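# A closer look at the structure
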Amino acid sequence: MLSSSSRTRRPDYVRPLRTFTGHTDTVRCVAFFPDNRRLVSSSWDNTIRIWDLETGLQTRAPLTGHTDVVRSVAVSPNGDRIASASEDHTLRVWDVATGELLYDPVEGHASGLWCVTFSPDGRRIATTGDNTIRLWDASTGGLVAGPFRSHNGNLYSLTYSPDGLEIASAANDKTVRVCDSDIGQMLVGPMEGHENDVRCVLYTPDGQRLVTASDDGTIRVWNVITGEQIGEPLKSHTTIITSIAISPDGTFLATAGPSTVMQIWNLSTRQEANTILRHANDVSCVAFSLDGRYISGGCCDFRIWLWDASLLYRSQSSVAELAQQISTPPPIPSTPVLPQLPLPPEIDESETVRHLPTMVPLPPSPLSSIGVVCITRYSIATQSESRSTDPQNPK
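To keep things clear, this report deals only with the structure shown in the data block. Predicted model only: the values in this text are computed from it and were never measured.

Definitions and cut-offs
Residue numbers run consecutively from 1 along every chain, following the written order of its sequence. Reporting in this predicted model follows two pLDDT cut-offs: at least 70 for local features of residues, and 80 or more for side-chain atom pairs to be given and counted; totals over whole chains, interfaces and linings ignore these cut-offs and use all residues. To get the side-chain values, all heavy atoms of the structure are used, and hydrogens and water are removed first. Nonpolar cores are built from buried Ala, Val, Leu, Ile, Met, Phe, Trp, Tyr and Cys residues. Side-chain atoms within 4.5 Å join them into one set. Classification of residues uses two cut-offs on accessible area relative to the type maximum, computed with a 1.4 Å probe and protein chains only: under 20% is buried, over 50% is exposed, and between them is partly exposed. Secondary structure follows DSSP: runs of H or I at least 4 residues long count as helices, runs of E at least 2 residues long count as strands, and numbering of each begins at the N terminus. The contact rule is simple, with two residues in contact once any of their heavy atoms fall within 4.5 Å. At least two bridges found by DSSP between two strands is the condition for calling them paired. A fitted line through C-alpha atoms represents every axis, and for helices the fit uses only the stretch in contact; the resulting angles, taken between N-to-C directions, go from 0 to 180 degrees. Two rings belonging to Phe, Tyr or Trp (six-membered ring only in the last case) form a pair when the distance between their centres is within 6.5 Å. Interplanar angles under 30 degrees mark stacking, angles over 60 mark edge-to-face geometry, and anything in between is tilted. Sitting over a ring, as applied to charges here, requires NZ of Lys or CZ of Arg to be within 6 Å of the ring centre and within 35 degrees of the ring normal.

Moving on, we get to the nonpolar core. Counting residues in each nonpolar core, the largest one holds 17 residues, and the members touching the most others are Ala254, Met262, Ile264, Val286, Phe288 and Ile295. Contributions of two or more residues to this core are made by β21 (252-256), β22 (261-266), β25 (283-288), β26 (294-299) and β27 (303-308). Setting aside chain neighbours within four positions, we find Phe288 in contact with Phe32, Ala245, Ile246, Ser247, Pro248, Phe252, Ala254, Tyr294, Ile295, Ala309 and Leu312.

Okay, here's the thing in structure tokens:
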């Protein structure tokens with residue numbers, strides 16, 4: 001029986017670093033601050049909350065004012081502002097230091113807002129709602145560009161390219177499109193392949209690929225230049241994917257959906273990670289910290305779960321080492337080299353008979369006396385029969 005110390009621990013469920021409790025309804029969106037020490041969240045309880053990662057406590061009172069679910073939040077690149085998009089048709093921009101609005105709620109969309117994001121330089125804010133994209137001045141809230149209507153359906157998600165020159169969007173028309181971030185002209189697309197609403201879209205950190213997720217339960221990777229799909233779709237364990245996040249180095253993709261398990265993929269190998277991050281209820285949203293140390297999941301149990309992202313890399317290393325051990329055969333032990341013996345001298349066939357040694361029968365083994373007796377008797381009997389049948393030796 002194996003001792004407990006000799007058993008191999010399964011790469012199974014791990015514990016979160018901590019959970020954050022305070023929301024009174026499902027957590028809808030999470031985003032890390034650039035300092036990697038704080039996290040902001042929004043919820044169906046209409047509030048926005050800022051959390052300290054070390055203590056798990058809120059840094060201030062909740063940010064209130066929205067009158068409906070806050071579907072999306074984003075933190076400015078310098079960390080001094082938070083933008084929130086709500087079903088109440090408004091965009092609100094908050095001063096992190098004071099917790100107050102920088103200016104009046106921004107109106108313009110004719111329906112509820114689905115997504116909000118800052119441009120990489122922090123000067124603009126992009127929002128989706130009423131099937132359009134609108135760009136706002138982050139300092140004043142004034143409309144800068146738009147509305148851009150690039151899809152034939154409701155827009156769920158949008159994201160800036162790392163250089164800020166493009167905006168990629170996803171909608172319920174089952175397509176993904178890339179447009180110019182200044183004038184809204186479509187540059188790539190429509191990218192078709194999903195069989196249901198496309199809810200999520202993100203650029204990879206190098207800006208060369210787009211990753212999308214859909215209600216068809218698949219994740220697809222696209223070439224940003226050609227719009228062509230790269231490889232086969234990744235099949236999720238859920239039928240709907242509500243949120244995706246990519247690690248800062250582009251190695252891992254995290255997905256959320258109606259499941260207690262946050263699914264993690266290695267984008268290079270296109271295989272699921274060996275680490276299972278299980279929550280107490282369905283995971284609704286995911287995010288990586290900007291330094292790649294943490295991964296967070298907003299949950300339908302009203303909590304936010306914080307995980308150690310280094311587990312993903314350690315798990316990957318363990319699997320790679322195991323695969324290397326399996327694929328590499330053990331070394332063949334070396335065989336000592338025997339000294340080469342000299343060849344025997346050539347034999348003169350004419351002299352062979354003359355030089356043959358005299359054949360001397362071996363003595364019987366003392367351990368097989370019975371066998372010897374039987375053989376001897378058989379031999380005598382055989383010789384007698386031979387003499388009796390030999391015409392030249394009559395009996």
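Next, the rest of the story.
Take the sheet that holds β26 next. The strand order β1-β27-β26-β25 describes an open sheet built from four strands, whose pairing is antiparallel. Two strands close off the open sheet at either side, each with one partner strand: β1 (18-21) and β25. For this sheet, the mean angle separating the axes of adjacent strands, direction not counted, is 20 degrees. Pairing of β25 with β26 involves five bridges; the strand directions are antiparallel. Across the sheet, the residue bridging to Phe288 is Ile295, located in β26.

Turning next to the packing of aromatic side chains. According to the stated counting rule, one finds four aromatic pairs in the structure shown. Centre to centre, the rings of Phe20 and Trp51 are 5.5 Å apart; their planes meet at 10 degrees, and the pair counts as stacked. Taken as a pair, Phe20 in strand β1 and Trp51 in strand β4 (residues 48-52) lie far apart in primary sequence, 31 residues in all. No difference in accessibility class separates Phe20 from Trp51, as the two residues are buried. Centroid distance Trp114 to Tyr156: 4.8 Å. Interplanar angle 80 degrees. Geometry classified as edge-to-face. Of this pair, Trp114 sits in strand β8 (residues 113-118) while Tyr156 is found in strand β12 (residues 155-160), placing the two residues 42 residues apart along the sequence. Over the face of the ring belonging to Phe33 we find Arg38, whose NZ or CZ atom lies 4.2 Å from the ring centre. If you follow Arg199 out to its NZ or CZ, it ends over the ring of Tyr156, 4.7 Å from the centre.

A few words on the sheet that holds strand β16 (residues 198-203). Pairing is antiparallel in the open sheet, where four strands are placed in the order β16-β17-β18-β19. On the outer flanks of this sheet lie β16 and β19 (229-235), each paired with one strand and no other. Taken pair by pair, the neighbouring strands of this sheet meet at an average axis angle of 20 degrees, ignoring direction. Where strand β18 (residues 218-223) lies against β19, four bridges are found, and the strand directions are antiparallel. Looking at β19, one finds that Trp222 is bridged to Gln229.

For the rest of this paragraph, the subject is unusual backbone geometry. Pro147 follows Gly146 through a cis peptide bond whose omega is 5 degrees. Looking at the secondary structure, you find Pro147 in strand β11 (residues 143-148). With an omega dihedral of 0 degrees, the bond running from Gly189 to Pro190 counts as a cis peptide bond. Looking at where Pro190 falls in the secondary structure, it is placed in strand β15 (residues 186-192). Of note in the backbone geometry, Asn46 takes a positive phi value of approximately 75 degrees without being a glycine. Within the secondary structure, Asn46 sits in the loop between β3 (38-43) and β4. Backbone geometry at His89 places phi at a positive 80 degrees, although glycine is not the residue there. Along the chain, His89 turns up in the loop between β6 (81-86) and β7 (91-95). Of the residues examined, His89 reaches a relative accessible area of 32% and is grouped as partly exposed.

A word on the pairing of β16. In this sheet, strand β17 (residues 209-214) lies alongside β16 in antiparallel orientation, the contact comprising five bridges. Looking across to β17, one finds that Tyr203 is bridged to Leu210.

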